[in-house]
Amino acid sequence: MNPDVLWRYAPSLISGFGVTILCWGAGGALGLLIGFAITLMNRLGIPPLRWALRAFIEVFRGTPFLMQLFLIYAGGPSIGLRLGATTAGIVGLGLYSSAYFAEIFRAGFASVPAGQIEAATSVGMAPFDTLLRVTLPGALIAAVPSIVNMLIVLSKETVVLSIITVPELMYQVQTMAAETFTAFDAIFAMAVLYWLLVETVSRLGARLEARVTGYLAREERAA
Amino acid sequence: MKPEVILHSFGYLTQAAATTVAVSFAGIVFGFLIGAAVCAARVSRRVWLKRLGAAYVSVFRGVPLLVQLLFIYYFLAEYGLDVPAIVAAVGGLALSSAAFQAEILRGALNAVPRGQGEAATALGFGPLDIWRRILLPQALKISVPPLINEFILLLKASSLVSVVGIAELTRVSMNIASQTYRPFEAYVGGGLFYLAINLCFAALGGLAERRLAAGSGQ
């Protein structure tokens, strides 16, 4: 690759990387929030609400992310939802990942042994205290590995936002490629960059996992 | 809202859905062949082969599929190979899926109890016979449900091949959107088709899982 070209396009590439990180962070945060809300609403145990949430999860897990993006970005105006490309991208990432996060949180809650909740009740803890101090910490810690995994998947999905013209890294690389006829080099560089990003996040995730679940390993050793 | 748009383009969408299934199926089959080779490399005793297999899995799982697809597309063009877009599309899906399938197969091989191989050796089976008659049949059986799951993931991932111009479900939905000026209906229609296909294969996967569980007496 010609270093001059890279130098000339450095500002747009750096801003593209910034947009990628912004979309990833905001989309992931939104997804975690909605996903957690879905899990909590599910636990209320109101049948029609549960069916609606089930349908939401099935739809967002059963259709391609690109299709969901098109529906939000291009189809949105038909139902009065006008969003800019970047906002649509963040909302899309959030809705898409929320369906997966909801399932992750549900599994996390399911993994808390019933005996712990019974024990909390028998020592006189109020239901809300039990949720806050017993169920929730256990459920969240159990969910950490899957959350990290989903965030890694999501970092790769941000590339798809380039198709709806969100000015993230992939979009900037393709613009550069089209303007300078260096498609091959640019995309090769892109592949290396993403691979590094994913590897870094995986390593960081593994360390985070080891930290928050470390006490489990200690308990096992003690037992 | 004009639901007629979906009904009018029903035939068009059905055809596109068939293309989506065909492209994904080709991707999973070629991906299986490559994945089996990668898995064989990863479980081999030769260190360089092991490393090569691990590197393949790391790269093809770590690089986003869209980047891989465009890379293959431009890579072929760079070397003056004028292959049809469908080759780039199926090739991209297969190479990427192979990394995931290799891991599924490796997991399945590891799930066969070690003692069985040892018992077969003790009974005088040769290494090839152990593979052919003991390890492979069981590992393949274990890997059926996750492979069906991988197929469903690939069906969804195949929407990205619309970028290289294959007339599959996503591309056709885009065309309908631009022809009718009804993007909302077009994408809802396309999405419903994806949903229907995925539910069918998910049901098939559930059936396979139950039959296999029944077969192993659990």
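Predicted model, so just to flag it, every value in this text is computed and none were measured.

Draft legend 1. Inspection of the overall build of chain A at higher detail. A count of helices and strands for chain A gives 9 helices and 0 strands. For chain A, the α and β elements follow one another from N to C terminus as α-α-α-α-α-α-α-α-α. Judged by the C-alpha coordinates and their principal axes, chain A covers about 70 × 50 × 25 Å. Counting over 223 residues, chain A shows a buried share of 42%. Put simply, of all contacts in chain A between residues at least 6 apart along the chain, 75% involve residues at least 24 apart. By element, 67% of the accessible surface of chain A is carried by carbon and sulfur atoms, the whole surface being about 11,400 Å². In chain A, the 14 positive side-chain charges and the 13 negative ones have mean positions that sit 6 Å from each other.

Draft legend 2. Representation of the overall build of chain B in the model. Counting its secondary structure elements, chain B contains 9 helices and 0 strands. Tracing chain B from N to C terminus, the helices and strands come up as α-α-α-α-α-α-α-α-α. Principal-axis analysis of the C-alpha atoms places the extent of chain B at approximately 70 × 50 × 25 Å. Sorting the 218 residues of chain B into buried and exposed places 44% on the buried side. Carbon and sulfur atoms make up 66% of the accessible area of chain B, which totals about 11,300 Å². Taking the average place of the 17 positive charges on the side chains of chain B and the average place of its 10 negative ones, the gap between the two points comes to 10 Å.

Draft legend 3. Expanded view of the confidence of the model for chain B. Residue and element names in this part refer to chain B. Here chain B averages 88 in pLDDT, and 98% of its residues register 70 or above. Between the elements of chain B, mean pLDDT differs from a low of 78, seen in helix α1 (residues 4-8), to a high of 92, seen in helix α2 (residues 10-42). Reported for the predicted complex are a pTM of 0.86 and an ipTM of 0.85.

Draft legend 4. Representation of the nonpolar core within the structure. Formed by 79 residues in total, the largest nonpolar core has its most connected members in V67, V161 and L169 of chain B. Not counting residues up to four positions away in its chain, the partners in contact with L169 of chain B are L13, A16, A17, T20, G190, F193, Y194 and I197 of chain B.

Draft legend 5. How the structure looks around the pattern of salt bridges. Residue and element names in this part refer to chain A. Tallying each qualifying case throughout the model produces 10 salt bridges over all chains. The shortest N-O distance in the salt bridge between E103 and R61 comes to 3.8 Å. Within this pair, whereas E103 is found in helix α4 (residues 85-110), its partner R61 is found in helix α2 (residues 47-62), the two being separated by 42 residues in sequence. Under the relative-accessibility criterion, R61 is labelled partly exposed at 30%. A salt bridge links E103 to R106, with the shortest nitrogen-to-oxygen separation between them at 3.3 Å. Of this pair, E103 and R106 both sit in helix α4, 3 residues apart, roughly one helical turn. By relative accessible area, which is 46% here, R106 ends up partly exposed. If you follow the salt bridges from partner to partner, you end up with R54, E58, R61, E103 and R106 in one network.

Draft legend 6. Fine view of the interface of chain B and chain A. Contacts between the two partners involve 32 residues from chain B, matched on the other side by 32 residues from chain A. For the pair chain B and chain A, the two sides together bury roughly 2,800 Å², of which 79% comes from carbon and sulfur. Among the residues of chain B in contact with chain A, K156, F184 and Y187 of chain B are the three that bury the most area, contributing 21% of the side total. Summed over the shared surface of chain B and chain A, the result is 0 salt bridges. Taken together, the links from chain B to chain A amount to 6 residue pairs in polar contact (both at pLDDT 80 or more). Put simply, the parts of the chain that give the side of chain B that touches chain A at least two residues each are α3 (47-62), α4 (65-78), α8 (169-180) and α9 (183-215) of chain B. Top element by residues in the side of chain B that touches chain A is α9 of chain B. It accounts for 10 residues.

Draft legend 7. Spotlight on the packing of helix α8 (residues 183-212) of chain A against α3 of chain B. At a minimum axis separation of 8 Å, α8 of chain A and α3 of chain B run at an interaxial angle of 100°. Between α8 of chain A and α3 of chain B, the angle is such that the two are roughly perpendicular. Mapping the contact onto sequence places Y194, W195, V198 and E199 of chain A in α8 of chain A and S58, V59 and G62 of chain B in α3 of chain B.

Draft legend 8. Just a nonpolar patch on the surface, in detail. Residues F75, Y79, L81, V83, I86 and V87 of chain B make up a contiguous nonpolar surface patch of about 530 Å² in total accessible area. Note on placement: Y79 of chain B falls in the loop between α4 and α5 (85-111).

Rules and cut-offs
- Residues numbered from 1 in each chain as written.
- Chains lettered and ligands numbered in written order.
- Predicted model: local features only at pLDDT ≥ 70, side-chain atom pairs only at ≥ 80, totals over all residues.
- Heavy atoms only, no water.
- Helix = DSSP H or I, 4+ residues; strand = E, 2+ residues; numbered from the N terminus.
- Buried < 20%, exposed > 50% of the residue type's maximum accessible area, 1.4 Å probe, protein only.
- Contact = heavy atoms within 4.5 Å.
- Areas by Shrake-Rupley, 256 points an atom, 1.4 Å probe, with all protein chains shown as cover.
- Lys, Arg positive; Asp, Glu negative; His and termini not counted.
- Charge placed at Lys NZ, Arg CZ, Asp CG, Glu CD.
- pLDDT = per-residue confidence, 0-100.
- Core = buried A, V, L, I, M, F, W, Y, C linked by side-chain atoms within 4.5 Å.
- Salt bridge = Lys/Arg side-chain N within 4 Å of Asp/Glu carboxyl O.
- Buried area = accessible area lost by both parts, 1.4 Å probe.
- Polar contact = N/O pair within 3.5 Å; in protein donor to acceptor, adjacent residues only side chain to side chain.
- Axes fitted to C-alpha atoms, helices over the stretch in contact; angles between N-to-C directions.
- Parallel < 35°, antiparallel > 145°, perpendicular 65-115°, else oblique.
- Patch = residues over 30% accessible without salt bridge, like charges linked within 9 Å, V, L, I, M, F, W, Y side chains within 5 Å.

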